Amino acid sequence: GAVVSQHPSRVICKSGTSVKIECRSLDFQATTMFWYRQFPKQSLMLMATSNEGSKATYEQGVEKDKFLINHASLTLSTLTVTSAHPEDSSFYICSAHGSTAGYTQYFGPGTRLTVL
Amino acid sequence: KQEVTQIPAALSVPEGENLVLNCSFTDSAIYNLQWFRQDPGKGLTSLLLIQSSQREQTSGRLNASLDKSSGRSTLYIAASQPGDSATYLCAVYRDDKIIFGKGTRLHILP
């Protein structure tokens, strides 16, 4: 149990376009979802925390207007990278936890974004 | 501010050896500590989760220990195999967030 999926697994886009990444909890209700970014050979850095039905809380230094997060249901959160630029190229990973799972987070497989 | 440090940053050992990866954290008020494995270009695979009331967890050839008072955790890998080559990440839970270390890149030499 406690499976989290992400779609797409890999995306290449042109500079200036917007890209949407989906994160789904497949077999549990995710009251809270998290979005991380990982640059090559670096660790995961938390970008934002989203609770179902409310606005996301962004970490310091993360532009909320650039990284739009929507958590409209208990099984789906989306991250939209708006007006993407090459420096946004990174590995984006989501995680989720539900009310019955305590604080344990379950991670998605990640999405590789490449902006040309 | 919680900081998580992993030592060493990289490690190469011959196949068959036992090895220890180290993780330290600055704030002992954590809920859980979790070890992950990450293969190049891939997501995270959870290896072991130690709850704050526990001192260790074991799974197969892996054993993780937790000493909250000293802010340390170790991941012990017995009889290492080439398939163990990966980056190992230590992560601590504080409130509703996870803080990751930078990882140890492990290379097992055949």
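Per chain, residue numbering runs from 1 following the sequence as it is written. Going through the entries in the order they are written, you letter the chains from A and number the ligands from 1. Local features in a predicted model are, by the rule used here, given only for residues with pLDDT of at least 70; side-chain atom pairs are given and counted only at 80 or more, and totals for whole chains, interfaces and linings are based on all residues. Note that water and hydrogens are dropped before the side-chain values are worked out from all heavy atoms of the structure.

### Remarks on the overall build of chain B
Here is the rule we go by: Helix and strand assignments come from DSSP, with helices taken as H or I runs of at least 4 residues and strands as E runs of at least 2, each series counted from the N terminus. As defined in this context, the radius of gyration uses C-alpha atoms, and a globule is described by 2.2 Å times the residue total to the power 0.38. Burial status follows relative accessibility: with a 1.4 Å probe on protein chains alone, a residue under 20% of its type maximum counts as buried, one over 50% as exposed, and anything between as partly exposed. The accessible surface values rely on the Shrake-Rupley method and a 1.4 Å probe; as for residues, cover is taken only from the protein chains in view. Asp and Glu count as negative and Lys and Arg as positive, but His and the ends of the chain are not part of the count. A charge is said to be at NZ when it belongs to Lys, at CZ for Arg, at CG for Asp and at CD for Glu.
Across its full length, chain B carries 0 helices and 11 strands. Over its C-alpha trace chain B gives a radius of gyration of 13 Å, about what one expects of a compact globule, namely 13 Å for 110 residues. When the backbone C-alpha atoms are referred to their principal axes, chain B occupies close to 40 × 25 × 20 Å. The buried share among the 110 residues of chain B stands at 44%. Roughly 5300 Å² of accessible area belongs to chain B as shown, and the carbon and sulfur atoms make up 48% of that amount. Here chain B contributes 11 positively and 10 negatively charged side chains, and the mean placements of these two sets differ by 5 Å.

### Some words on the environment of F34(A)
To keep it simple, the criterion reads: Whether two residues are in contact is decided by their heavy atoms: any pair within 4.5 Å suffices.
Turning to its location among the elements, F34(A) is positioned in strand β4 (residues 32-38). Residue class for F34(A) comes out buried when judged on its relative accessible area of 0%. It is 14 Å that separates the C-alpha atoms of F34(A) and A72(A), two residues lying 38 residues apart in sequence. Non-local contacts of F34(A), meaning those with residues more than four positions away in its chain, are made with L46(A), A48(A), T49(A), I93(A), C94(A), S95(A), H97(A), Q105(A) and D96(B).

### Digging into the state of the cysteines
Let me state the cut-off plainly: The disulfide definition used here is simple: a pair of cysteine sulfur atoms within 2.5 Å.
One pass over the structure, following the stated rule, counts 2 disulfides over all chains. Put simply, C23(B) and C90(B) are joined by a disulfide, and their sulfur atoms are 2.0 Å apart. Disulfide C23(B)-C90(B): the torsion about the S-S bond is -65 degrees, which places it as left-handed. With a gap of 67 residues between them, C23(B) in strand β3 (residues 19-25) and C90(B) in strand β9 (residues 86-94) connect regions that are remote in the sequence. The pair C23(B) / C90(B) is uniform in exposure class, with both members buried. No disulfide involves C13(A); its sulfur sits 18 Å from that of C94(A), the nearest cysteine. Exposure remark for C13(A): the relative accessible area of 9% places this residue in the buried category.

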